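# Descriptive analysis of the structure
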There are 2 protein chains.
Amino acid sequence: MSAPRDSQGTPPGTTRRRGRPAGRTVADGVIADREILLEAAEGLIRENGPSVSLEAIATRAGVTKPTLYRELGDKDALVNALAERLAVRMATAVTALVGQASVPFEGLRNLVSGYLDFAARERHLYLFITAGGARDDRVQQALLLADGAARQFAEPIADYRSRRNADASVATVWSYGLLGALHFVTLWWLKDEAVDIELVIDQITSLLWSGMRLED
Amino acid sequence: MSAPRDSQGTPPGTTRRRGRPAGRTVADGVIADREILLEAAEGLIRENGPSVSLEAIATRAGVTKPTLYRELGDKDALVNALAERLAVRMATAVTALVGQASVPFEGLRNLVSGYLDFAARERHLYLFITAGGARDDRVQQALLLADGAARQFAEPIADYRSRRNADASVATVWSYGLLGALHFVTLWWLKDEAVDIELVIDQITSLLWSGMRLED
DNA sequence: ATCAAAAATCTACCAATGGTAATTTAATCT
DNA sequence: AGATTAAATTACCATTGGTAGATTTTTGAT
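For clarity, every value in this text was computed on a predicted model and none was experimentally measured.

The next point concerns the interface of chain B and chain A. If you look at the interface, chain B gives 48 residues, while chain A gives 50 residues. Of all residues in chain B, the largest losses of buried area upon contact with chain A belong to Trp174(B), Phe184(B) and Met212(B), amounting jointly to 17% of the total for that side. Counting across the chain B and chain A interface gives 2 salt bridges. Connecting chain B to chain A are 14 residue pairs in polar contact (both at pLDDT 80 or more). Counting only elements with at least two residues in the side of chain B that touches chain A, the list comes to α6 (123-132), α7 (144-163), α8 (171-192) and α9 (197-210) of chain B.

Residues and elements named next belong to chain A. For helix α9 (residues 197-210), with 14 residues, the first-to-last C-alpha span of 20 Å sits near the 20 Å given by 1.5 Å per residue. All of the buried residues in α9 are Ile 197, Val 200, Ile 201, Gln 203, Ile 204, Thr 205, Leu 207, Leu 208 and Trp 209. Trailing α9 by a residue or two, Gly 211 shows a phi angle of about 80°, which is positive.

Attention shifts here to the pattern of salt bridges. Tallied over the full model, the rule gives 28 salt bridges over all chains. Between Glu55(A) and Lys65(A) there is a salt bridge, with its nearest N and O atoms 3.7 Å apart. Note that Glu55(A) is positioned in helix α2 (residues 54-61) and Lys65(A) in helix α3 (residues 65-72), a separation of 10 residues in sequence. Glu122(B) is the partner of Arg46(B) in a salt bridge, and the nearest nitrogen-oxygen pair spans 3.0 Å. Here Arg46(B), found in helix α1 (residues 30-48), pairs with Glu122(B), found in the loop between α5 (104-121) and α6; they are 76 residues apart in sequence, far enough to count as distant. For Arg46(B), a relative accessible area of 35% corresponds to the partly exposed category. Residue Glu122(B) is classed as buried on the basis of its relative accessible area, which comes to 11%. By sharing partners, the salt bridges in this structure join Glu35(A), Glu39(A), Glu42(A), Arg46(A), Arg85(A), Arg89(A) and Glu122(A) into a single network.

When chain B is fitted to chain A, the residual RMSD is 0.0 Å, and the transformation amounts to a turn of 180° plus an axial shift of 0.0 Å. Considering both components of the superposition, the chain copies are consistent with a two-fold axis. A symmetric contact is evident, with 100% of the interface residues of chain B recurring at the interface of chain A.

All right, on to α5(B) then. Between the first and last C-alpha of α5(B) there are 25 Å, a value that for 18 residues agrees with the 26 Å anticipated at 1.5 Å per step. Gly107(B), Leu108(B), Asn110(B), Leu111(B), Val112(B), Ser113(B), Gly114(B), Tyr115(B), Leu116(B), Phe118(B) and Ala119(B) are the residues of α5(B) that are buried.

Mean pLDDT over chain A: 85, with 80% of residues reaching 70 or higher. Here residues 1-14 of chain A scores under 50 on pLDDT; set against residues more than four positions off or in separate chains, the count is 8 contacts.

All names here are of chain B. Under the counting rule described, the total for this entry stands at 6 aromatic pairs over all chains. On the basis of an interplanar angle of 85° and a centroid distance of 5.9 Å, the ring pair of Tyr 115 and Tyr 126 is categorised as edge-to-face. One end of the pair, Tyr 115, is in helix α5; the other, Tyr 126, is in helix α6, with 11 residues separating them in the sequence. Residue Tyr 115 is classed as buried on the basis of its relative accessible area of 6%.

Parameters and conventions
- Residues numbered from 1 in each chain as written.
- Chains lettered and ligands numbered in written order.
- Predicted model: local features only at pLDDT ≥ 70, side-chain atom pairs only at ≥ 80, totals over all residues.
- Heavy atoms only, no water.
- Contact = heavy atoms within 4.5 Å.
- Buried area = accessible area lost by both parts, 1.4 Å probe.
- Salt bridge = Lys/Arg side-chain N within 4 Å of Asp/Glu carboxyl O.
- Polar contact = N/O pair within 3.5 Å; in protein donor to acceptor, adjacent residues only side chain to side chain.
- Helix = DSSP H or I, 4+ residues; strand = E, 2+ residues; numbered from the N terminus.
- Expected span 1.5 Å × (residues − 1).
- Buried < 20%, exposed > 50% of the residue type's maximum accessible area, 1.4 Å probe, protein only.
- Least-squares fit on C-alpha atoms with pLDDT ≥ 70 in both.
- pLDDT = per-residue confidence, 0-100.
- Phe/Tyr/Trp six-rings, centres within 6.5 Å; stacked < 30°, edge-to-face > 60°.

As structure tokens, this is what we get:
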């Protein structure tokens, strides 16, 4: 917005202090700094949407790019870190909902509902992680959130089936299938949120629970 | 690779002819040029993977960037055009397989199998379209292939259910769910192709056909 | 035939951005 | 106190998407 005279985010009149900062020792506040950077990134993404530059993140965190690189690695690492955080928060929220269910079907429905709700609430962040940031290797970017989540889902699925003497080896593939279905429906729904969400939840839950077949 | 002296792909000794080319009239071979450019893009992606620059594409097509922009618009338009082509080819291949089935279940299985096969055969192109190219707005990039395909799938699904007096309004959501499941399983499987493909096909077909439930 | 306007193309550039090298400042060690 | 090391900054590089302006040929009017 306000054009900075410098390539960095230094205020136009002043000069940023250079060199090692006062009262800062080896591996002192490293985790704190990491946290501050990730927080800055999340903030920017929430406010300005999924396209964000490392420069902007560094500036918001009060540092410069090389510091950001030192703390986080490269942009892929940043996206990874954000994905991990989001996956944890998402899993926590969704798991709590699933736990409230009294029967498996209700558990699945809560899962679907929780997923869509969470994605809608963290719209920009969700889109950044699943379709946004990485420079190269965008290939598995789409699976970033999914890889974590799929592992989380595989175990309950396998358990559920084992307890009922059904083939549990499907758990991994089903996890990815489940996540993919949720993800695409989410993307489609987020585009304009034109359809009633409860209807969408019912329909996709029905597909995942009962499948498409009408006869045996 | 071989560093060009020029910023363009001009051979080091020569100078590229400038200006309007001989024997070229308004809207003459426009479609042909478009085709050549798209072909060049596909070739490069097949050979070098999903990361490709517009410069490289233009050079391979024997033109320069401004010409490419005149023919295609911007990079998003290029990705769009490639997605459309791929969607058509994919739909053709898959539809043929589905048509060979004698019962609906077999149709679905052929669909799944055809999707995975096609993606594996056009690995780089598939990844470029679904996870690769677009500059901004990568958001709906993930849905590029899906949007076309989902429309294709929605009608058969609705038909199938209508004929059996089942609720056909699920068709749209199910299409995206189906595509999402296929896409994620495909990405996961393409990562290292470690699992037997027939097993994957069986498992994901089972999920889509019968769902996850074990009891009513 | 001649000359102006329009069309198609290239060269040369710009801006944004991911990433890094060299430099400066402060803390720590001997 | 002086040397070494760690942290951070400035200033830069390379790539790449995109565009402005120069250049050449066709087209069309006089």
